Amino acid sequence: CAKVQAHHGYVFDADLVNAVQPGVDDRDSVATMLGQPTLTGEFNSPEWYYWGRNTNSLAFTRPDPTSQTVVRIRFDKNGTVAAVDKMGMEQVAQINPTDEKTPTLGRKRGFFQQLFGNIGTVTPGGMGQQPPQ
Amino acid sequence: CASTKASKDLPYVARDVGTLYSAAKDKLDRGQYEIAAKLFDEVERQHPFSVWARRAQLMGAFSYYMNRDYTQSIQSAQRFIAEHPGSPSAPYAYYLVGLSYYEQIADVDRDQKITEQAKAALGELARRYPQTRYAADARLKLDLVEDHLAGKEMEVGRFYEQRGNWLAATERFQLVIDKYQTTTHVPEALMRLTETYLAMGLPEEAKKTAAVLGANYPGSKWYERAYTLMEDKAPAVAAAGA
Amino acid sequence: QEASSATTLPPPQASPLVPAPEKHVVKSLKVEGSQRIEPATILSYTKLRVGETYTTETIDQAIKDLLASDFLADVSIEGVETGNLVIHVKENPVINRIVLEGNKHLKDDKIKPEIKLAPRQIFTRTAVRADVARIIELYRRQGRFGATVDPQMVNLDQNRVDVIFEIHEGDKSKVRAINIIGNEKFPDSELRSQMATKQSKWFRLFSSNTSYDQDRLSYDQQKLRQFYLTQGYADFRVISAVAELTPDKEDFIITYVVEEGDRYKFGDVSVHSGIRDFDEKKLTKFLPMKKGDWYNAKLVEDTVDQLTETAGTFGYAFAKVNPRFEPDRKNHTMGIEFNIDQAQRTYVERINITGNTNTKDKVIRREMRLAEGDAFNSLLVKRSEDRINSLGYFQDKFAIKQSEGDSPDRIVLDANVEEKPTGELSLSAGFSSLERFIVQGAIQQNNFRGMGQTASAQISWSTYAKSAELGFTEPYLFDRPIALGGKIFRRDYNSFNYLGNDRNTTYSQVSTGFQIFSGVPLTEYWTLSGNYTLSQTDVTLDRSRFYNADGQCDPVLAGRYLCDSVGNRLSSMIGLQIGYNSLNSNLRPSRGERLSVGVDFAGLGGDVRFIRGNARAAKYWNVGSGFIFSLSAEGGVIHSLESNRGPGVDEVRITDRFFLGQQQFRGFDIRGVGPRVKRFQYSGDPAAGTQALITDKDRVFDDALGGKAYYLGKAELEIPLGSGARELGLRPSIFAQVGALFGLKRPILNGSFTQATDSDGKLLYNEDGSPTLLPRTTAITDGSGNPLYIVPSDNGDISGKTTTCQVGYSDTFGGACSGTTQNTAYTSTTPPYYEQYLGDSASPRLSVGVGVDWNSPFGPLRLDLAKVILSQPGDDTKLFTFNVGTQF
């Protein structure tokens, strides 16, 4: 049966991406041309990533990627573009997230409270709300 | 048809302040908080200018709190603060407001508006009266509230991971690391980022994150998981220097 | 003569020298007269501190600050010269009670929440003035412009005060007439119909918009302008709009002076796009207006929305489309250029879900068709809204708010929900012409544990059906959109009909069993679902009436068709269904389609074997201004796989056949459509030859048999009512229905009675020429089939006993007879009747009618008035039906 096509992340426009030249462009010019990056690297070396992926799947299975484009832009100390590399699906890994969780507090709603939780509030039949003033 | 609980004040019976106050105090000691709260309100209403009125206002708020009627308790306490900002027991009133919100915090699956209000109330108490013992307890509870808010972000992040939306999950876990550094969720967030970066095909970022996790939480089970993940999912990158 | 002209000008006032403010030092600071508020608090409102310097300005400022604190009635400071300042204060009283008097049309509970003053609060003049204004505003909104409110203060001991608002409501000032001058192209009446304010006429007694209201006046002007622009009069202007009081000062007369100008045509229209991947030529081609059409402002507006929407679907959430008008006054044409500003593609920064106090975050988030980081797409946002609305857990008008994120090309989506009680603990008693008296108890939690699961326990008891059912459904198994559910049920139907006015049960059917079902989405709109049902059905007939003496179902009495369905059967059935659903809400759809086609196969073991197909489709249109038109059709066919069971007996048992009648097919009675057997009794005495068929509807024995195929179509138009009626939950609609139930093996009819003959053997006929029929007497036999006799009464202790001896008596059936008593045969006589098999035809029955759904305080009520236009002989029609109480 028909597969569900979907696109996540950045929508690429080829000639815009190619227009970014190392040594010439800087952060502002890239931002005006490509928009804000999808992701920035963490901690001390903030690279800019433009990440977009196409997936398809049966409606109830997990979407598996069919194609992907990643553009990484590295900046030198004074903010001009140092390197632009394009990547695809090569380094994508198949990951199953763990089930373990860090515990959190908060009142757990008891079983019966959830069943009858809001039954007490009897809505006034069809009377509906006040007429808007 | 739900019976309409008599929420109006008690019928307007004028009584002298002494008997009213002691009757209320007695009901409070015997644990009949609802009636105690109503009687304290009566003291305040019939003898607004007596010295007892100020005391009754606070005791009323406390009775409502004990009766788990948190909204009423917050209202009475806030009215006390507005009318007697300078009074020595104002910190206690702030504390009551903070506690009333704190008690209603719902679990992470649900709306966290109350948690935000608890954070604001406890924060104000800690800022205004830093030395009082209430502030000490408030600071402790503030950490738990921060942790709870971080827990909410993690819950949504895990939701997106389950469904394979790795980018959405990454943004949520990055938020936990940026905004909630002091909470107990940071190690797990770092491990989750290792997972999502690998799944997004960015092993270098995964390596950097795992390195930070190892540096700050070497013994944690999260680092073990991250380490093994790097080993079998991106061995080349894991081994390479830099 | 003027007074002496010039008086000497007064010497110019010597401007008083501003004395340099001497500096004083505050030696001491005391507060007197404060009872309730501590002195420390009062001092905290002023800037005066002991040891600080002060001047007259700082003193005035201190007094102003104290008065502004709302706690104090008046303030004075003395000892300014000596430096030890004493602040005399008189505290504002505290409010003890608020009383409203004279408010007939606006009750207390409408006014009290609107005013600020409340018991135990500080009384201040400003608050009282504000509340007075607030109350007057409430009355103005009701159209009572004459209302006045004056507050009274009653001082009590301990500086407390009771505040009494004396309200004089005055009566409503109405709009007596609306005149319009300068309109040649459109009559006054048509223009008046555009306006919200209506002239007060007798038939508009209750309408609230005949009262005079300024802001409605300006709204009407806009409506007028909009009407003319839509008709193409680009130069239309309202020169003046004046409301004068009528001479008797009771009501108002409103006069508009307008200048229409000429009608315009469209000049050349084009699209200019600042967004990279928008193709201007293609968009221009799709513009709804062409050069030379009549100009229409509304069409321009719709096009702007349309273009913004298209930009939204391509991810440009904040794209701005503004039309540039180039009017050519001479030959009345209006050129338009829609230009789309340069915009960057927007991405979803964050999706916030708030207000969910009961529902879990993921139950809502999984319905969102967008994830964080995705490119914005307004169609997907609309689709998400529809899906969340269809959950049925939240308020009706739920919408996702869009706001700008941290940077111009990021957007934040806020889904703020208001939980609706989804748990229904309904104990309702109802009365319906279908089931007479119904008592229902049900606990249904549609959002169990906030996980989106449904858990239900329903018990329903009516004179017609008793059923108990426990159900549970999990829509998202293992967090995947795989639905799994099950229910166990026990249903006890007894079908009855009326002979005269006593109810007789024709048959009762008790089925117990369980069903499990599962469903998966194939695409955004298509879903595939399967189910398995195992149920045990036990059909019993009323023994005394339909069984003959030796315990067999007597076809003469009950008819062979009923006899064959008696018995206990196990049915094990598997079903598969494929569905399409693009409705904007499953509860009250106004747009979109729904289609489902399914096939069920019974025969995985069990005694019942058949294959059944059904299909259902519906489409909804919002045809503007609240009218919702819907077309729906359904049909089904069943084919038995069991071997032939003799002539006149259909292989499909009565319990598995389709039935058609009231509730689905309005205008017909219970199971009023389709194949049935009608049995007419004979009146009159056979001997006297005056027999005739009784055709009075109540005296006819009518038993619906169901059919093996049916189709039913419906066209319905839902009519919007004024806000008043909608508030009461009234939803009237006009409808037309067409359908038929048919396809059944022709049953062999009973009722062959011997014709009476006179003493010399000649056949007797009634006056109307029909043959005179004799009642049939059938002998009653004992268990082993030999006929029974009754001993006549005058025979001592054995009189009236039954025995198998025709002469004499024996204690046991079939034993030797002793004695000479002549016994009479024990027989039962069946009066003659004539059976007719009717209604088995596929030609359509047609009914039209009007109905109203009323969400009344004691449960949903459905009233229908439907007239049958086309029907087949034998169908039972019913003009008026109503049903109260929740429907299951």
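Residues numbered from 1 in each chain as written. Chains lettered and ligands numbered in written order. Predicted model: local features only at pLDDT ≥ 70, side-chain atom pairs only at ≥ 80, totals over all residues. Heavy atoms only, no water.

A. Region of interest: the pairing of strand E28 (residues 628-640) of chain C. Residue and element names in this part refer to chain C. As defined by bridge partners, strand E27 (residues 610-622) adjoins E28 across 13 bridges and the pair is classed as antiparallel. Residue pairing across strands places glycine 613 opposite valine 637, the latter belonging to E28. The antiparallel pairing of E27 with E28 creates a hairpin that spans five residues between the two strands, and glycine 624 there sits at a positive phi of about 95°. Inspection of the sheet shows E28 paired to strand E32 (residues 709-718) by 10 bridges, in the antiparallel sense. Bridge pairing links serine 630 to glutamate 716 in E32. (Pairing = 2+ DSSP bridges. Helix = DSSP H or I, 4+ residues; strand = E, 2+ residues; numbered from the N terminus.)

B. Representation of the packing of helix H2 (residues 33-46) of chain B against helix H3 (residues 51-66) of chain B. Residue and element names in this part refer to chain B. Contact geometry for H2 and H3: axes closest at 8 Å, N-to-C directions at 160°. On the basis of their axis angle, the class for H2 and H3 is roughly antiparallel. The two elements H2 and H3 cross, and the hand of that crossing is left-handed. Between H2 and H3, the contacting residues are Tyr33, Ala36, Ala37, Lys38, Phe40, Asp41, Val43 and Glu44 on the first element and Trp52, Ala53, Ala56, Gln57, Met59, Gly60, Ser63, Tyr64 and Met66 on the second. (Axes fitted to C-alpha atoms, helices over the stretch in contact; angles between N-to-C directions. Parallel < 35°, antiparallel > 145°, perpendicular 65-115°, else oblique. Left-handed = near helix turned anticlockwise from the far one by under 90°. Contact = heavy atoms within 4.5 Å.)

C. Representation of the interface of chain A and chain B within the structure. Listed per partner, the contact involves 39 residues of chain A and 49 residues of chain B. For the pair chain A and chain B, the summed buried area comes to about 3600 Å², and 55% of that belongs to carbon and sulfur atoms. The interface formed by chain A and chain B holds four salt bridges in total. Where the side of chain A that touches chain B is concerned, the elements lending two or more residues are strand E1 (4-9), strand E2 (39-40), strand E3 (48-57) and strand E4 (64-75) of chain A. (Buried area = accessible area lost by both parts, 1.4 Å probe. Salt bridge = Lys/Arg side-chain N within 4 Å of Asp/Glu carboxyl O.)

D. The arrangement of the packing of aromatic side chains in detail. Enumeration according to the criterion identifies 28 aromatic pairs over all chains in this entry. Measuring from centroid to centroid gives 4.7 Å for Tyr21(B) and Trp52(B), while their planes differ by 50°, and the two rings are tilted. You can see Tyr21(B) sitting in helix H1 (residues 17-29) and its partner Trp52(B) sitting in helix H3, a full 31 residues away along the chain. Trp52(B) gets classed as partly exposed once you look at its relative accessible area, which sits at 38%. Between the aromatic rings of Phe448(C) and Phe472(C), the centroid separation amounts to 6.4 Å while the plane-to-plane angle is 90°, which identifies the pairing as edge-to-face. With Phe448(C) in strand E19 (residues 436-448) and Phe472(C) in strand E21 (residues 465-474), this pair connects stretches of sequence that are 24 residues apart. Using a relative accessible area of 6% as the deciding quantity, one classes Phe448(C) as buried. Phe472(C) sits in the partly exposed class, given a relative accessible area of 35%. Pairwise contacts between aromatic rings join Phe186(C), Phe227(C), Tyr228(C), Tyr233(C) and Phe236(C) into one cluster. We note Arg27(A) situated over the ring of Phe75(A); from NZ or CZ to the ring centre the distance is 4.5 Å. (Phe/Tyr/Trp six-rings, centres within 6.5 Å; stacked < 30°, edge-to-face > 60°. Buried < 20%, exposed > 50% of the residue type's maximum accessible area, 1.4 Å probe, protein only. Lys NZ or Arg CZ within 6 Å of the ring centre and 35° of its normal.)

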